[in-house]
Amino acid sequence: MTSKLPVVGFIGLGQMATALAAGFVRAKIVDATRVLGYDVSKIAAENFKTATQAIPSVDPIEVVLQADVLFLAVKPQYMADALAPVKQALEPSPERPLIVSIAAGLPISYFEQALSEKIRLARVMPNTPCLVGEGASGFALNANATAEDGALVKSFLETVGVAFELPESQLDAVTGLSGSGPAYVFMAIEALADGGVKSGLPRQIALTLAAQTLKGAAEMCLQTKRHPGELKDAVTSPAGTTIAGVAALENRGFRSALIEAVERGTIRSRELGAQ
């Protein structure tokens, strides 16, 4: 790979691919003229073009041949079909380009068997807040990928949030925590807002207060680097309103429910990878 900005290709141009590509362009880690993409859906391709200013291709083989980094961004159930033109394009030189899969549940071995054992591959588990530049991703490299490849993948992912390189065995836990976690947070926002409405607040005000409260609390945790239990204690006055609410949550198994949700998601991710 040269010192020039890399050519980045996408097979699959759905919401996550579009969010990633737009983040890369916005961060100037790649130029829109060096972003390629292909999708069978004309609507997805048009949305990708609007968000990134990149021109989608009508030929997936062209995308593979020109890309320095190739993102595989199709749903797992469609991956086998999507890999057929990729395999064809890679046959003369399977070690190029660096391939990045964001397909949930599909292990590194799946792509090595489907394409070639010589491929350089990163398996990534992103999450939907990448759409607003606040993603939390984990990634693992196969044996052929270099330290330079890992640094490049990390730099890409950090344009849309935070990213950690991990052993592949830990990516199922990333799926259970940050991959599925936004759904649990959305449920918490909805429930907090419902509590506000029940207590007399207008719906939209309650929703905004709930969402901003979670956003602010998360930012405090990240910026102060204090333990969340310590931050919780700082809000909890003796015989006050917060301790009354905390007691109600503990009585309902709030923390154990979240722990179990992450664990169940992790187990399900392992099951999907084994199918």
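Below is a short write-up of the structure.

How each quantity is defined
Residues numbered from 1 in each chain as written. Predicted model: local features only at pLDDT ≥ 70, side-chain atom pairs only at ≥ 80, totals over all residues. Heavy atoms only, no water. Helix = DSSP H or I, 4+ residues; strand = E, 2+ residues; numbered from the N terminus. Pairing = 2+ DSSP bridges. Axes fitted to C-alpha atoms, helices over the stretch in contact; angles between N-to-C directions. Contact = heavy atoms within 4.5 Å. Parallel < 35°, antiparallel > 145°, perpendicular 65-115°, else oblique. Left-handed = near helix turned anticlockwise from the far one by under 90°. Core = buried A, V, L, I, M, F, W, Y, C linked by side-chain atoms within 4.5 Å. Buried < 20%, exposed > 50% of the residue type's maximum accessible area, 1.4 Å probe, protein only.

### Describing unusual backbone geometry
And then number 1: Cis rather than trans, the peptide bond between Arg 96 and Pro 97 has omega equal to 5 degrees.
And then number 2: Among the structural elements, Pro 97 can be located in the loop between α4 (79-90) and β4 (98-101).
And then number 3: Phi at Lys 28 takes a positive value of approximately 65 degrees, unusual for a residue other than glycine.

### Things to note about the sheet that holds strand β2 (residues 35-38)
And then number 1: What the 7 strands build is an open sheet, ordered β2-β1-β3-β4-β5-β6-β7; its pairing is mixed. On the outer flanks of this sheet lie β2 and β7 (161-165), each paired with one strand and no other. Averaged over all adjacent pairs, the angle separating strand axes in this sheet is 20 degrees, with direction ignored.
And then number 2: In the sheet, strand β1 (residues 8-11) pairs with β2 via 4 bridges, with the strands oriented parallel. Across the sheet, the residue bridging to Ile 11 is Tyr 38, located in β2.
And then number 3: Relative to the sheet, helix α1 (residues 15-26) contacts β1, β2 and β3 (69-72), its axis offset from that of β1 by approximately 170 degrees.

### Thoughts on the packing of helix α7 (residues 171-179) against helix α12 (residues 254-274)
And then number 1: Between α7 and α12, the least distance of the axes is 7 Å, while the angle of their chain directions is 135 degrees. The pairing of α7 with α12 is recorded here as oblique in orientation. Seen from above, α7 lies across α12 with right-handed handedness. Note on element contacts: α12 touches α7 through Val 262, Gly 265, Thr 266, Ser 269 and Arg 270, opposite Asp 172, Ala 173, Thr 175, Gly 176 and Leu 177.

### Observations concerning the environment of Phe 10
And then number 1: Along the chain, the position of Phe 10 falls in strand β1.
And then number 2: A sequence separation of 184 residues divides Phe 10 from Asp 194, and the C-alpha atoms of the two residues are 40 Å apart.
And then number 3: Every residue in contact with Phe 10, bar those within four places of it in the chain, is listed here: Ala 17, Leu 20, Ala 21, Phe 24, Val 35, Leu 36, Gly 37, Tyr 38, Phe 48, Val 63, Leu 70 and Phe 71.

### A closer look at the nonpolar core
And then number 1: Formed by 30 residues in total, the largest nonpolar core has its most connected members in Phe 10, Leu 20, Phe 24, Phe 71, Val 100, Val 153 and Phe 156.
And then number 2: Counting only elements with at least two residues in this core, the list comes to β1, α1, α2 (42-52), β3, β4, β5 (120-125) and α6 (147-157).
And then number 3: Here this core gets 5 residues from one element, more than from any other, and that element is α1.
And then number 4: Leaving out residues up to four positions away in the same chain, Phe 71 has contacts with Val 8, Gly 9, Phe 10, Ile 11, Leu 20, Phe 24, Val 100, Ile 102 and Phe 156.
And then number 5: Counting residues in hydrophobic clusters, the runner-up holds 24 residues, among them Leu 36, Val 64, Met 79 and Ile 99.

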